[in-house]
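# An overview of the molecular structure
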Protein chains: 2
Amino acid sequence: VFHGTAPLLYTESLNHELQQWVERLRNGDPRSLARAISTVENGEADSSELLKCLFPHTGHARILGMTGAPGAGKSTLVDQLAKHYRKQNQTIGIIAVDPTSPYSGGAILGDRIRMQDHFADPGIYIRSMATRGSLGGLARTTADVTTVLDASGRDLIMIETVGVGQDEVDIVRLADITVVILVPGMGDDVQTIKAGIMEIADIFVINKCDREGAERVEREIRAMQSLAVRSDNWTPPIVKTVASEGQGIADLATTIGQYEAYLKKENLVLKRNVENWRERLVEMLRDAMLEKARAAMTEGEMGRYAAEIAEHKRDPYSLVEEIVGRVAGET
Amino acid sequence: VFHGTAPLLYTESLNHELQQWVERLRNGDPRSLARAISTVENGEADSSELLKCLFPHTGHARILGMTGAPGAGKSTLVDQLAKHYRKQNQTIGIIAVDPTSPYSGGAILGDRIRMQDHFADPGIYIRSMATRGSLGGLARTTADVTTVLDASGRDLIMIETVGVGQDEVDIVRLADITVVILVPGMGDDVQTIKAGIMEIADIFVINKCDREGAERVEREIRAMQSLAVRSDNWTPPIVKTVASEGQGIADLATTIGQYEAYLKKENLVLKRNVENWRERLVEMLRDAMLEKARAAMTEGEMGRYAAEIAEHKRDPYSLVEEIVGRVAGET
C-alpha cells in the first residue's frame, strides 16, 4: 500500500505547488511571471507540466509580430506602439528575439535601456531572448514564452525579431498579425530581409520615412504585391512612420485595428490559428521524438557514431534507421 | 517456400538494379548522376537505399562552401574558381542553393545562363536547389546531393549559398573549407549577413574590391577577428577579388590551398568531420523520428488535433507526449 500511495502524494503536492504558481502568475505577480518565463526558456524539468497548466488559460491576448531588417528601428517602433496601447489601458508583453552572435552584445545593452524606460509601468513587460541551442530552437521557445505571457492575462503580446532567416519566419508565424518594417536607403532595400518575410506581412511599415528613398521602398512593395494575390484577399497596407518622433504611430494602431476587424469579419482568426498549430505541432513532435531517440542512446554513443561515419566505417543512413527502429521497439 | 523466396528475389533484383545505377554513376554517366540527384532531392522512395550504396564511395572530394550577402557576386566567383581548377584538370560539382521565394525567379534564369556557359565541359556539373518543404530541409538535401556528387568521383564540390539564415549556416557547415564573400558599399556591410556566418569563415573574400569602401570592410573584419580567437588558431585571411574580371582568383585558390595544407598539418580534417557528422546525425535522427511519428498517425489526424488546440479543447503539450508514447510502444 505504501508503495502505491507515496508517489501519488508526492505528485499531488507537486501539482498543488504548480497550481499555486499558475494562480499567482494569473493574478499578475511579476516574480511568478519572470520565473515561469525562465523555466520555459531554459527548458527546465517542470516546464512541460507548467505549460500544460497554463495552456487552458491562453487565447485572450492578441499577438502582434514585428519584424524587419537590422537597423530598421523595430524596438523604437515597438516601444512607441506599446505606449500608445498603454494609454488605452491595455497590458503589454514584449518578446524581443535577437539571434545575437558572440560578437555582438548590443542587444543586451539596448534591452537594459528599454527596461529603464518602462520600469515604472508594470503594464509593460519586456523579455529579450537570444539564440538557444539547436534543440527546440528559438521559434519554439518564443512560442512557449508567448503561452506564458498570454496565460498571465496580457491583452497584447508583441514579438519583435530581425527578419533575416527561416527561424524568424517561424517566429513571426506565431503572430495573429504580422507587421514588416522597412526603411529607406539600406541599399537593395527589400533584398536585405528574407524573401519569405515579405510574403507574410499583413501590414508594411516604412519607418524613418523622412529619409530619402521612402517612395522607392513603397514602389518596390507595390511591385511585389502586384505579382501575387493572398489567399485571404487582403492587400497589406503601407503605413509611414518616424518612430523616434512618434510620427505615424496612431496611424499604425488604426491600421492594425482595421486588419483585426477584417480577420474577425471574414472569420479568419480560427483558420489562421489552426494552420499555425499544424506547423507548431509538427515542430514539437519533431523535437520530442528526437529527445526520445537521444534518451535511448548511451552517453558518448552519438560521438562514437559520428567518428565511425567520419572514418567511413559506418553509413549514417543505415544507422539512423537502426536507431529509429530501436526506439520504436522494432528491434 | 514460395512465400519465403519471392520477396527475397524481388529485393535482390532491386539491389542489382541499384548496384548497376551506382556503377554507372561512378563511371561518370551524367544521366545516372542527374537521376540520382533528383532522387535524393525529392526524397523519393529509393533515395535512402541509394544513399546507403553511395556512402562507402564518398570521402574523395574536397568540399568548399561559398557564402555571402545577396549581390556579393557569389556565382561569378564560383564560376571563375571552377574555371581555375578545371585548368588543373580537377572535376567540379557546383551546388547552388537558393532559398528563393515565389516572388523571385532570378535564380532559375541565372542558372540557365551559367549552364550554357559551362555546357561544353562535362568536368563541371551545376545543380541549383531551391527551398524544399520543412521536412528534411535544405541543409539535409544539400548534404545528400553532396554525398551523390562525392560518390560520383568529383574532385571538388562547391556549395554556394546566400548567407542570411540558420539554414545557410547549416549548409555551410557541410564544407571542409568555408569562404565568406563580402562586398563594399552595401550599407552596414558586415551586418547584412547573419552574424553566425562571419564566425564560420575560414577565408574572407572582399569581392568587387575596386569599389569604394573595400578598406572599411577589411577593417570591420579585422575588428571582429580581434574579438575572438578560433579554437584551431587559424586567422582567416582576407583575399581581394574582382571576380567579373578574374582578378584575385588565382590568389584565392592559393589561399584555399594554404588552409588545406594547414588542416592537414594540424590533423584537423577528421576532427572537423566528426563534429559535422555529430550535428548531421542529430538532424537526420530528428527528421527520421518525425517521419516515424507521422506514419503512426492516421490521415487527417494532425489537422484534427490542430483544430482542437486552436479551439482550446486540447493542450498541445500533453498531446505530443501522448503521440511520442504511442510511437515508442509505451501506451
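Further up the page is the structure itself.
Residues numbered from 1 in each chain as written. Chains lettered and ligands numbered in written order. Predicted model: local features only at pLDDT ≥ 70, side-chain atom pairs only at ≥ 80, totals over all residues. Heavy atoms only, no water.

All names here are of chain A. Look at helix α4 (residues 74-87) against helix α10 (residues 249-265): their axes get within 10 Å of each other, and the N-to-C directions meet at 75°. With respect to each other, α4 and α10 are oriented roughly perpendicular. Contact with α4, carried on its side by Leu77, Gln80, Leu81, His84 and Tyr85, involves Ile249, Ala250, Leu252, Ala253 and Ile256 of α10 and no other residues of that element. Here the contact of α4 with α10 is built from residues that sort into eight nonpolar, two polar and no charged. (Axes fitted to C-alpha atoms, helices over the stretch in contact; angles between N-to-C directions. Helix = DSSP H or I, 4+ residues; strand = E, 2+ residues; numbered from the N terminus. Parallel < 35°, antiparallel > 145°, perpendicular 65-115°, else oblique. Contact = heavy atoms within 4.5 Å. Nonpolar A, V, L, I, M, F, W, Y, C, P; charged D, E, K, R; others polar.)

Next up on the list: helix α3 (residues 47-54) of chain B. Counting buried residues in α3 of chain B gives six out of eight residues, a clear majority hidden from the surface. All of the buried residues in α3 of chain B are Ser47, Leu50, Leu51, Lys52, Cys53 and Leu54 of chain B. (Buried < 20%, exposed > 50% of the residue type's maximum accessible area, 1.4 Å probe, protein only.)

To continue, consider the pairing of strand β6 (residues 203-206) of chain A. Within a regular beta strand, the side chains point alternately toward one face of the sheet and then the other, so they alternate between its two faces. Residue and element names in this part refer to chain A. Residues Ile203 and Val205 line one face of β6 and the alternating positions Phe204 and Ile206 line the opposite face, and both faces are buried. In this structure, strand β5 (residues 177-182) lies alongside β6, joined through four bridges in parallel fashion. If you follow Val180 over to β6, its bridge partner there is Phe204. Where β6 and strand β7 (residues 238-240) come together, three bridges link them in parallel fashion. Its bridge partner lying in β7, Val205 is registered against Val239. Handedness of the crossover joining β6 and β7 through helix α9 (residues 214-225): right-handed. (Pairing = 2+ DSSP bridges. Right-handed = clockwise from strand over helix to strand, strands pointing away.)

All names here are of chain B. Positionally, Ser47 belongs in helix α3. Given a relative accessible area of 11%, Ser47 falls into the buried group. The contact partners of Ser47, leaving out residues within four places of it in the chain, are Thr39 and Val40.

A few words now on the packing of aromatic side chains. Counted according to the given criterion, the structure contains ten aromatic pairs over all chains. Between Tyr259 of chain A and Tyr262 of chain A, the aromatic rings sit 6.4 Å apart at their centres with planes inclined by 15°, giving stacked as the arrangement. With Tyr259 of chain A and Tyr262 of chain A both in helix α10 and three residues apart, the pair spans about one turn of that helix. Here Trp234 of chain B and Tyr259 of chain B contribute two aromatic rings whose centre-to-centre distance is 4.6 Å and whose plane-to-plane angle is 50°, an arrangement assigned as tilted. Of the two residues, Trp234 of chain B sits in the loop between α9 (214-225) and β7 (238-240) while Tyr259 of chain B sits in helix α10 (residues 249-265), which places them 25 residues apart along the sequence. Classification of Tyr259 of chain B as buried rests on a relative accessible area of 0%. One aromatic cluster in this structure is built from Phe55 and Trp277 of chain A together with Tyr317 of chain B. The ring of Trp21 of chain A carries the charged tip of Arg35 of chain A above its face, separated from the ring centre by 3.7 Å. Here the guanidinium or amino end of Arg62 of chain B rests over the ring plane of Tyr85 of chain B, the centre of that ring lying 5.6 Å away. (Phe/Tyr/Trp six-rings, centres within 6.5 Å; stacked < 30°, edge-to-face > 60°. Lys NZ or Arg CZ within 6 Å of the ring centre and 35° of its normal.)

With that out of the way, let us pick up unusual backbone geometry. A positive phi angle, near 65°, is found at Asn89 of chain A, a position not held by glycine. Residue position: Asn89 of chain A is located in the loop between α4 and β2 (92-98).

All names here are of chain B. Taken as a whole and assessed by the stated rule, the structure comprises 41 salt bridges over all chains. Asp202 is the salt-bridge partner of Arg272, the closest N and O atoms lying 3.1 Å from each other. Residue Arg272 is located in helix α11 (residues 268-295), and its partner Asp202 is located in the loop between α8 (195-199) and β6 (203-206); the two are separated by 70 residues in the primary sequence. Taking relative accessible area as the criterion, Asp202 reaches 1% and is therefore assigned buried. The closest approach of N and O atoms between Arg286 and Glu283, which form a salt bridge, is 3.5 Å. Here the residue Arg286 and the residue Glu283 both occupy positions in helix α11, the gap between them amounting to three residues, near one helical turn. (Salt bridge = Lys/Arg side-chain N within 4 Å of Asp/Glu carboxyl O.)

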